[in-house]
Amino acid sequence: MTESSTMLITVQNITTALKDKPGALLPILHAVQDALGFVPEASVPVIAKALNLSRAEVHGVISFYHYFRSTQPGKKTIHLCRAESCQAMGGKNLENHVKNSLGIDFHETTTDGKFSLEPVYCLGNCACSPAMQIGTEIYGRVSPESFDAAINEPEELA
């Protein structure tokens, strides 16, 4: 079985299980992203048909909510805090360094597939601004040097 057919079976199973819930579209999209790491473009017609919606309606919800990804994420996702406290403590300079170091912008993945970069609007670590999260690990007082060290840690690359 190909990766594409396995993905479509997963989407179909999720859609079948959740389609009768009130307001089923968002729970289905969340479940698909939880299962696959993103909401593939090929899943849109399957979801639309099951919910009797147009593909445009499903696509509109996916593109409206920044949480949903339509491309496969990297092995690790870097969430860079964009909230006021982090901005006041050098967050913009850190953002520029991160983007230049990785060669990507927000909502993109490095060409080697190791990292995706996403903005987040508070990690609850304001006393240690600027902050970022890599995978499940939260980092505070992040500088360009500590960012470089964090992404080069062996466990971050595994």
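Residues numbered from 1 in each chain as written. Predicted model: local features only at pLDDT ≥ 70, side-chain atom pairs only at ≥ 80, totals over all residues. Heavy atoms only, no water.

All right, on to the overall build of the protein chain then. The helix and strand inventory of the protein chain stands at 8 helices and 5 strands. For the protein chain, the sequential pattern of α-helices and β-strands runs α-α-α-α-β-α-α-β-β-β-β-α-α. Expressed as lengths along the three principal axes of its C-alpha atoms, the size of the protein chain is roughly 50 × 35 × 20 Å. Evaluated residue by residue, the protein chain yields a buried proportion of 37% over its 158 residues. Residue pairs in contact within the protein chain that sit at least 24 positions apart in sequence constitute 58% of those at least 6 positions apart. Side chains of the protein chain give 12 positive and 17 negative charges; the mean places of these two sets differ by 6 Å. (Helix = DSSP H or I, 4+ residues; strand = E, 2+ residues; numbered from the N terminus. Buried < 20%, exposed > 50% of the residue type's maximum accessible area, 1.4 Å probe, protein only. Contact = heavy atoms within 4.5 Å. Lys, Arg positive; Asp, Glu negative; His and termini not counted. Charge placed at Lys NZ, Arg CZ, Asp CG, Glu CD.)

In this section: the pairing of strand β3 (residues 115–120). For β3, the buried fraction is high: 6 of the 6 residues fall into the buried class. The alternating pattern of β3 places Phe115, Leu117 and Pro119 on one face and Ser116, Glu118 and Val120 on the opposite face, and all of these are buried. Both strand β1 (residues 76–81) and β3 contribute to a ladder of 6 bridges, which runs parallel. Following the sheet pairing, Thr77 is matched in β3 by Ser116. The sheet contact formed by strand β2 (residues 108–109) and β3 spans 2 bridges and is antiparallel. Note on β3: the bridge partner recorded for Thr109 is Ser116. (Pairing = 2+ DSSP bridges.)

Further remarks concern the sheet that holds β1. One open sheet accounts for 5 strands, arranged β2-β3-β1-β4-β5; its pairing is mixed. Because the sheet does not close on itself, it has two edges, and the strands there are β2 and β5 (137–139). Lying on the sheet, helix α6 (residues 91–102) is in contact with β1 and β3; it crosses β1 at an angle near 155 degrees. Contacting β1, β3, β4 (132–134) and β5, helix α7 (residues 144–151) runs over the sheet at an angle of about 10 degrees to β4. (Axes fitted to C-alpha atoms, helices over the stretch in contact; angles between N-to-C directions.)

Running from N to C, helix α3 (residues 43–51) and helix α4 (residues 55–64) point in directions that differ by 115 degrees, and their axes come no closer than 8 Å. At the point where α3 passes α4, the crossing takes the right-handed sense. Where α3 abuts α4, its residues Val44, Pro45, Ile47 and Ala48 lie against Arg55, Val58, His59 and Ile62. (Left-handed = near helix turned anticlockwise from the far one by under 90°.)

With that settled, consider the layout of surface pockets. Taken as a whole, the largest pocket spans an internal volume of roughly 350 Å³. Elements with a contribution of two residues or more to the lining of the largest pocket: α2 (25–36), β1 and β3. In terms of residue class, the lining of the largest pocket is built from 4 nonpolar, 6 polar and 3 charged. Considering the residues around the second largest pocket, the lining is formed by His59, Ile62, Ser63, Tyr65, His66, Phe68, Arg69, Ser70, Thr71, His107 and Glu118. In terms of residues, the lining of the second largest pocket owes the most to one element, α4, which gives 3 residues. Residues of the lining of the second largest pocket, tallied by class, amount to 3 nonpolar, 6 polar and 2 charged. (1 Å grid on protein atoms, 1.4 Å probe; cavity = no way out; pocket = protein on both sides within 12 Å on 5 of 7 lines; lining within 4 Å. Points joined across faces, edges and corners; volume = space filled by probe spheres on them. Nonpolar A, V, L, I, M, F, W, Y, C, P; charged D, E, K, R; others polar.)

It is worth spelling out the nonpolar core at this point. One recurring pattern in soluble globular proteins is that nonpolar side chains are buried together. Grouped together as the largest cluster of nonpolar side chains are 18 residues, with contacts concentrated most on Ile28, Leu29, Val32, Ile47, Val58 and Ile62. Elements that contribute at least two residues to this core include exactly α1 (3–18), α2, α3 and α4. With 5 residues, α3 is the largest single contributor of residues to this core. Discounting chain neighbours no more than four positions away, the residues touching Leu29 are Val39, Ile47, Val61, Ile62 and Phe68. Counting 16 residues, the second-largest nonpolar core is a separate cluster that includes Leu94, Ile104, Phe106 and Leu117. (Core = buried A, V, L, I, M, F, W, Y, C linked by side-chain atoms within 4.5 Å.)

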